[in-house]
Amino acid sequence: MLNPSYGERWNRTVIDDNMLAMFDASETKDPHQDTLDDRIAFLDVVRASSIGPEYGKPPTSKIFGAVFHMLRTGNSLEIIVRSYKLLVDLDKHFPRVYLSQSSSNSPSKLVVAKEAWSPFINCLDNGTAEAGDKESSGPLDPSSFQLLIEDVAEIISGTKLQAANVEPLRKMLLFQYLVIVFEDDFLPRNASTTWNMQRESLLSLLLGSRKINYKSLMKDCLAIICQLSQLLHGEFSNHLELQQSTQSKLSRNCHAALSLSLFGVLKDTCVSIEKLLVMIMNLDMARKKADMEGHTTRADSPRTPLMEIILDELAYNKDSVPLFFKTFSEPKLKLEIVVQYLGKYITKPSVRTRKTNDYIEYETFGGALKCFSNKTGIKSLMKKIGVDVIQFLLAHGFQAQLSILSNGNADANISGDKEGGVGALVDLCHAFISAFNNFINTDAHMEILSIGKEALFTAATIIAAKS
């Protein structure tokens, strides 16, 4: 009689061998044969044998690699979506990194499954995996990820997106999956607040790799989020080239399905790019904290914080300000960007002392609002960054601060005094209305943008409700 554990391993090996045989058969078939059905059957068997109640065992690295290969090379919308969903579900069921707690009173312990399959090569600066990567059959290296970002930026920045072409969908879903991998790896490490764990995250290793141009990568990410903002908040149909088919109704229906899928994938890609930016900024803050505490070493090579790159890009291209803030929604980081952007251009007194009565704390949103009590300062700000940009910054800063205070985050008070509560909300609204009124009174012909009107209405409504 077979040992149960041996029999289980043998049974699993047979199942994996059979699944790989199915995959190999679909690869060698003529494209005009039943390749699509074979691949769908392969994905269904992998799902049933891994996530199904009967087995519940993670697939081997070869099986993972085969599914990943389908995502990277699929020419069918169904195959691309199915392989993407399967990879996401497998990662949920079999996490590579997670926090484990033996009891309610014990501290959480970071668990890393070092032998688990990863879509990235083990050593992100290892050049030996390039050959397999170029064939789309192996894990990615950093340069391949940068090429993917460049491809996504090029696809989105194009004047037209072809609904009949599955390549944009494939590349964007691949990007979304990789962001999920980054997130599942980074969030538990970041929660541990231990720099040794944070710097070993896939994201940290990627950004520190010599195979990428870090600043170029970040600028491409910003271009993607701004282009997506313009695309999704504008007329999507004007940017989408639907190839009208004269052959059959079925073909026209396929194009319509592809166009709807493309719109949904664009929205999800926008969410993913924001998640990536947020993770990078959180990693930057973790590194800064570790540096102040003396935990960094020479191996932690310095790089320009992403927030500085964002501020420089928004200052260089002011047309991107409304696009970026319309899409970027994380309130704390959004508020920090607004405050730092305004702080770059607000005229500060040449000498400040502790005894100065009109000292203003510029590092908070409340401090920035107080600067709008000075008419000369307002006019100087208008000349430097423009009327519309100021309105966008004030409105989005107000929205972000309101979101933080509404969630009970008293530490992020507008004046930094930690009073919080209803009083802080009302103070914020009064300060915002006062600053905005002082701003618009400097120019009688100024047009108030819709976002400014909405913010003023919200502030007035909160004051009336809390009075």
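Computed from a predicted model, the values in this text were never measured in an experiment.

What counts as what
Residues numbered from 1 in each chain as written. Predicted model: local features only at pLDDT ≥ 70, side-chain atom pairs only at ≥ 80, totals over all residues. Heavy atoms only, no water. Helix = DSSP H or I, 4+ residues; strand = E, 2+ residues; numbered from the N terminus. Contact = heavy atoms within 4.5 Å. Areas by Shrake-Rupley, 256 points an atom, 1.4 Å probe, with all protein chains shown as cover. Salt bridge = Lys/Arg side-chain N within 4 Å of Asp/Glu carboxyl O. Buried < 20%, exposed > 50% of the residue type's maximum accessible area, 1.4 Å probe, protein only. Axes fitted to C-alpha atoms, helices over the stretch in contact; angles between N-to-C directions. Parallel < 35°, antiparallel > 145°, perpendicular 65-115°, else oblique. pLDDT = per-residue confidence, 0-100. Polar contact = N/O pair within 3.5 Å; in protein donor to acceptor, adjacent residues only side chain to side chain. Left-handed = near helix turned anticlockwise from the far one by under 90°. Disulfide = S-S within 2.5 Å. Phe/Tyr/Trp six-rings, centres within 6.5 Å; stacked < 30°, edge-to-face > 60°. Core = buried A, V, L, I, M, F, W, Y, C linked by side-chain atoms within 4.5 Å.

1. A few points about the overall build of the protein
(1) Moving on: Along the protein, the regular secondary structure elements total 20 helices and four strands.
(2) Moving on: In the protein, 70% of the contacts between residues at least 6 apart in sequence involve partners at least 24 apart.
(3) Moving on: Total accessible area computed for the protein in this model is approximately 24300 Å², and 51% of it derives from carbon and sulfur atoms.

2. So, the pattern of salt bridges
(1) Moving on: Taken as a whole, this structure holds 14 salt bridges when the rule is applied.
(2) Moving on: Between Arg-82 and Asp-44 there is a salt bridge, with the nearest N and O atoms lying 2.8 Å from each other. Taken together, the positions of Arg-82 in helix 4 (residues 77-93) and Asp-44 in helix 2 (residues 35-50) put the pair 38 residues apart, joining distant regions of the chain.
(3) Moving on: According to the relative accessible area criterion, Arg-82 is partly exposed, its value standing at 30%.
(4) Moving on: The partner of Arg-47 in a salt bridge is Asp-89, and the shortest N-O contact between them spans 2.9 Å. Highlighted residues: Arg-47 in helix 2 and Asp-89 in helix 4, separated in sequence by 42 residues.

3. Description of unusual backbone geometry
(1) Moving on: Positioned with a positive phi, Thr-193 is a non-glycine residue whose angle comes to about 55°.
(2) Moving on: As for its position among the elements, Thr-193 is in the loop between helix 7 (167-191) and helix 8 (195-198).
(3) Moving on: Given the relative accessible area of 60%, Thr-193 is considered exposed.

4. Topic: the packing of helix 13 (residues 306-316) against helix 14 (residues 320-327)
(1) Moving on: Across the interface, helix 13 lies against helix 14 with an axial gap of 8 Å and an inter-helix angle of 135°. Put simply, helix 13 runs oblique to helix 14. Contacts from Ile-310, Glu-313 and Leu-314 of helix 13 reach helix 14 at Ser-320, Val-321, Phe-324 and Phe-325.

5. Focus on the confidence of the model for the protein
(1) Moving on: On average, the protein scores 82 in pLDDT, and the residues at 70 or more come to 76%.
(2) Moving on: For residues 242-250, every residue scores under 50 in pLDDT, and the model assigns this stretch nine contacts once sequence neighbours within four places are set aside.

6. Remarks on helix 17 (residues 375-385)
(1) Moving on: Along helix 17, the residues classified as buried are Gly-377, Ile-378, Ser-380, Leu-381, Met-382 and Ile-385.
(2) Moving on: In this structure Asn-374 caps helix 17, since a side-chain oxygen of it lies 2.9 Å from the backbone nitrogen of Thr-376.
(3) Moving on: Directly after helix 17, the chain includes Gly-386, whose backbone phi takes a positive value near 95°.

7. Focus on the environment of Phe-68
(1) Moving on: Looking at where Phe-68 falls in the secondary structure, it is placed in helix 3 (residues 61-73).
(2) Moving on: Once the C-alpha coordinates of Phe-68 and Ser-118 are considered, the two residues, 50 residues apart in sequence, prove to be 9.8 Å apart.
(3) Moving on: Every residue in contact with Phe-68, bar those within four places of it in the chain, is listed here: Leu-87, Trp-117, Pro-119, Gly-138, Leu-140, Leu-174 and Tyr-177.

8. Some remarks on the packing of helix 13 against helix 15 (residues 331-345)
(1) Moving on: It is the contact of helix 13 with helix 15, at a shortest axis distance of 10 Å, that shows an interaxial angle of 55°. If you check the angle between helix 13 and helix 15, you find them oblique. Seen along the crossing, helix 13 lies across helix 15 with a hand that is right-handed. Touching Met-307, Ile-310, Leu-311, Asp-312, Leu-314 and Ala-315 of helix 13 are Leu-333, Glu-336, Ile-337, Gln-340, Tyr-341, Lys-344 and Tyr-345, all from helix 15.

9. A closer look at the state of the cysteines
(1) Moving on: Counting across every chain of the model gives zero disulfides.
(2) Moving on: With no disulfide partner, Cys-226 has as its closest neighbouring cysteine sulfur the one in Cys-270, 9.5 Å distant.

10. Here's the deal with the environment of Pro-305
(1) Moving on: If you trace the backbone, Pro-305 turns up in the loop between helix 12 (249-292) and helix 13.
(2) Moving on: Spatially, the C-alpha atom of Pro-305 lies 8.5 Å from that of Met-285, the residues being 20 residues apart in sequence.
(3) Moving on: Setting aside its immediate chain neighbours within four residues, Pro-305 contacts Tyr-214 and Asp-284.

11. Re the side chain of Ser-320
(1) Moving on: You can see Ser-320 is positioned in helix 14.
(2) Moving on: Setting aside residues up to four positions removed in sequence, Ser-320 forms contacts with Cys-226, Glu-313 and Leu-314.

12. Considerations on the packing of aromatic side chains
(1) Moving on: In this structure the tally under the stated criterion is 13 aromatic pairs.
(2) Moving on: Look at Tyr-341 and Tyr-345: their rings are 5.6 Å apart centre to centre, the planes differ by 45°, and that puts the pair in the tilted class. You can see Tyr-341 and its partner Tyr-345 sitting in helix 15, four residues apart, about one turn around the helix. For the pair shown, Tyr-341 and Tyr-345 are each scored as buried.
(3) Moving on: Note on Phe-398 and Phe-432: the rings are 4.4 Å apart at their centroids and 20° apart in plane angle, and the pair reads as stacked. Highlighted residues: Phe-398 in helix 18 (residues 387-406) and Phe-432 in helix 19 (residues 421-440), separated in sequence by 34 residues.

13. Examining the nonpolar core
(1) Moving on: Formed by 130 residues in total, the largest nonpolar core has its most connected members in Phe-145, Tyr-177, Leu-276, Phe-324 and Tyr-341.
(2) Moving on: No other element matches helix 12, which puts 14 residues into this core.
(3) Moving on: Residue contacts for Tyr-341: discarding those within four places in its chain leaves Leu-311, Leu-314, Ala-315, Lys-318, Val-321, Ile-385, Val-389 and Leu-393.

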